[in-house]
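As a plain string of letters, each chain reads:
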Amino acid sequence: MAVRVAVNGYGTIGKRVADAVARQPDLKLVGVAKTRPSFEAATAVRKGYPLFIAGDAGTKAFEAAGIPTAGSLDDLLGQCDVVIDCAPEKVGKENAKLYDRRSSLKAIFQGGEKAEIAERSFSALANYGECRGLRRVRVVSCNTTGLARAAAILRSRWGVARWDATIIRRAADPAESQRGPINGILPSFHIPSHHGPDVRTIYPDLHLRTTAVVVPTTLMHVHVNQVELARAPRDVEELREAFRGTRRFRLFHAWEGVAGTPQVMEYARDLGIGPRPDMMENVLWDEGFHLDGREIAFFQAIHQESIVVPENIDAVRAMFDLAPDAERSMAITDRTLGLRP
Ligand code: NAD
């Protein structure tokens, strides 16, 4: 029988996770919860997702907007096996109190919550097996997911002696008209940035130091990585092959003319990857690798709005033991989301 899933919080991440859940053969989307009527709430109903009311707004505002609802968040929680919390950062911590009242309910939180909210932080390539059967799991943030995926390859093939990463962060998501900057480059004076310690919630012994800069773009983040490996790759082609041959990575060839993030997202739109044109894989460039003995450098781009979506699906499979290992879970997720077969 399919695992019954609720999505609480239907914004940037929640609506994508809901669409992804609805495509899985072994999961059933019981409903989504939203605090207020909006075009997104109306769209959820148009897609056929039962809409439940989170918070204390009551039904009146939804009725006034002509948006039918199916009950309260509490009603929704009573009908599902797991809730995927996609509320704004730190709100998940409050929501956790509601989830804790139901002993059989499992919960997944997002990277905006502290690691302590869950038993384990999760990234499919890195630690699927450690999360099998757990009740509380946190899918790490977009940048942390991108770094953890790359770490899974580098650690298993050559070992990582030391890694410095500069995170060039997008200022806002495309729909966030209230955020900035619209002009300027803002260094984060918090060194290391929180990303390195966050990756260590998955790989505690990883020598990764991160710094971050915010730039006025909404498309993607870019990571500039300088890594000293424990063992030297044979040549740069061996490096490329390792990334090219691993799920959740997409490498562009020079002839494709993908100069940077605008072309990556144009490619995603042209191909229509996923329920909406998204880029759920780490994006790397063939010519973006440099090798000098044990030292390597590479760039990767991360689509912040969607990279964690497949990870949320794999997290459910791990928690309910629906697939025996990461590869078999990711194979289903990737096929249903239009990534590699
Ligand atoms: P968002 O603001 O786009 O969406 C959050 C939604 O939750 C909104 O629709 C909001 O109305 C709703 N909400 C507010 N209070 C709520 C409550 N009490 N209960 C239920 N829903 C409530 O936020 P987002 O960008 O989707 O982020 C969600 C989580 O995902 C955060 O932890 C964030 O850190 C993480 N995350 C975000 C990104 C990103 O780039 N946007 C990437 C990875 C992870």
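Residues numbered from 1 in each chain as written. Predicted model: local features only at pLDDT ≥ 70, side-chain atom pairs only at ≥ 80, totals over all residues. Heavy atoms only, no water.

1. Focus: the overall build of the protein chain
Put simply, the rule is: Here a strand is any run of E in DSSP of at least two residues, a helix any run of H or I of at least four, and the numbering for each starts at the N terminus. All radius of gyration figures rest on C-alpha atoms, and the globule criterion is 2.2 Å times the number of residues raised to 0.38. Here, two residues are considered to be in contact whenever any of their heavy atoms come within 4.5 Å of each other. Calculation of accessible area relied on Shrake-Rupley with a 1.4 Å probe; when residues are assessed, cover is drawn exclusively from the protein chains displayed. Only four residue types enter the tally: Lys and Arg on the positive side, Asp and Glu on the negative side, with His and both chain ends excluded. Note on charges: their place is set at NZ of Lys, CZ of Arg, CG of Asp or CD of Glu.
A tally of regular secondary structure across the protein chain gives 12 helices and 16 strands. Relative to its length of 341 residues, the protein chain is compact, with a C-alpha radius of gyration of 20 Å against a globular reference of 20 Å. When its C-alpha atoms are laid out on the principal axes, the protein chain stretches across 65 × 45 × 40 Å. In the protein chain, the proportion of contacts linking residues at least 24 apart, taken out of those at least 6 apart, comes to 72%. Counting only carbon and sulfur atoms, one obtains 52% of the accessible surface of the protein chain, whose full area is about 14,800 Å². For the protein chain, the distance from the average position of its 45 positive side-chain charges to the average position of its 42 negative side-chain charges is 3 Å.

2. What about the environment of arginine 335?
Here arginine 335 lies in helix 12 (residues 326-336). For the pair arginine 335 and tryptophan 285, spaced 50 residues apart in sequence, the C-alpha separation works out to 23 Å.

3. Side note on the site of the ligand
The test is simple: Residues are classed as near a molecule or strand on a simple rule: at least one heavy atom within 4 Å of it. The term polar contact refers here to a pair of N or O atoms within 3.5 Å; inside protein, the definition further demands a hydrogen-donor-capable atom paired with an acceptor-capable atom, and it admits residues adjacent in sequence only when both atoms are side-chain atoms.
With respect to spatial proximity, 22 residues lie near the ligand, and among them Thr12, Ile13, Lys34, Arg170 and Asp173 are the closest. Residue threonine 12 places a side-chain N or O atom 3.0 Å away from an oxygen atom belonging to the ligand. In the model, a nitrogen atom of the ligand is placed 2.7 Å from a nitrogen or oxygen of the aspartate 173 side chain. Protein chains bury 82% of the 830 Å² of accessible surface belonging to the ligand in isolation.

4. So, the side chain of threonine 261
One can find threonine 261 in helix 10 (residues 261-271). In this view, threonine 261 contacts Leu219, Met220, Val222 and Ala301; residues no more than four positions away in its chain are not counted.

5. Brief notes about the pattern of salt bridges
Spelled out, the test is: We count a salt bridge whenever a side-chain nitrogen from Lys or Arg sits within 4 Å of a carboxyl oxygen from Asp or Glu. Whether a residue is buried, partly exposed or exposed follows from its accessible area with a 1.4 Å probe, protein chains only, as a fraction of its type maximum: under 20%, in between, or over 50%, in that order.
Scanning all chains against the criterion turns up 35 salt bridges. The salt bridge partner of aspartate 325 is arginine 328, with a shortest N-O separation of 2.8 Å. Under the relative-accessibility criterion, aspartate 325 is labelled partly exposed at 25%. Within the structure, one salt-bridge network assembled from shared partners comprises Asp26, Arg149, Arg247, Arg248, Glu311, Asp314, Arg317, Glu327 and Asp334.

6. Quick notes on the packing of helix 11 (residues 309-319) against helix 12
Basically, it comes down to this: Angular values range over 0 to 180 degrees, each being the angle between N-to-C directions of two axes fitted as lines to C-alpha atoms, with helices fitted over their stretch in contact. Working rule for angles: under 35 degrees goes down as roughly parallel, over 145 as roughly antiparallel, 65 to 115 as roughly perpendicular, anything else as oblique. Put simply, a crossing is left-handed when the front helix is turned counterclockwise from the back one by less than a right angle, and right-handed when it is turned clockwise. Basically, the charged four are Asp, Glu, Lys and Arg, the nonpolar ten are Ala, Val, Leu, Ile, Met, Phe, Trp, Tyr, Cys and Pro, and anything else, Gly included, counts as polar.
Between helix 11 and helix 12, the shortest axis-to-axis distance is 9 Å and the interhelical angle comes to 135°. Taken together, the axis directions place helix 11 and helix 12 in an arrangement best described as oblique. You can see that helix 11 and helix 12 cross each other, and the crossing is right-handed. Across from Pro310, Ile313, Asp314 and Arg317 in helix 11, the residues of helix 12 making contact are Ser329, Met330, Ile332 and Thr333. In terms of residue class, the contact of helix 11 with helix 12 is built from 4 nonpolar, 2 polar and 2 charged.

7. Looking at the pairing of strand 13 (residues 249-252)
Applied cut-off: DSSP bridges decide pairing: two strands pair if at least two such bridges lie between them. Consider the strands pointing away from the viewer: the crossover is right-handed when the path from the first strand over the helix to the second runs clockwise.
Both faces of strand 13 are covered, namely the face carrying Phe249 and Leu251 and the face carrying Arg250 and Phe252. In the sheet, strand 13 pairs with strand 14 (residues 282-285) via 4 bridges, with the strands oriented parallel. Pairing of arginine 250 across the sheet is with valine 283, part of strand 14. In this fold, the crossover linking strand 13 to strand 14 by way of helix 10 has right-handed handedness.

8. Comments concerning the domain arrangement of the protein chain
Where interface size is given, it is often the accessible area lost as the parts come together that is meant. What counts is decided by this rule: The source of the domain bounds is an automatic or database domain assignment. Simply put, the buried area is the total loss of 1.4 Å probe accessible area from both parts when two parts are fitted together.
In terms of domains, the protein chain is made up of domain 1 (3-140 + 308-337) and domain 2 (142-302). One C-alpha centre belongs to domain 1, the other to domain 2; they are set 26 Å apart. If you look at the interface, domain 1 gives 28 residues, while domain 2 gives 21 residues. Surface buried jointly by domain 1 and domain 2 totals about 2,000 Å² across both partners, of which 53% is contributed by carbon and sulfur atoms. Inspection of the domain 1/domain 2 interface yields 9 salt bridges. For glutamate 311, the salt bridge is made with arginine 248, and the minimal N-O distance between the two is 3.2 Å. The interface formed by domain 1 and domain 2 holds 12 residue pairs in polar contact (both at pLDDT 80 or more) in total. Taken together, the elements giving at least two residues each to the side of domain 1 that touches domain 2 come down to helix 1 (12-22), strand 7 (120-122), helix 6 (124-127), helix 11 and helix 12.

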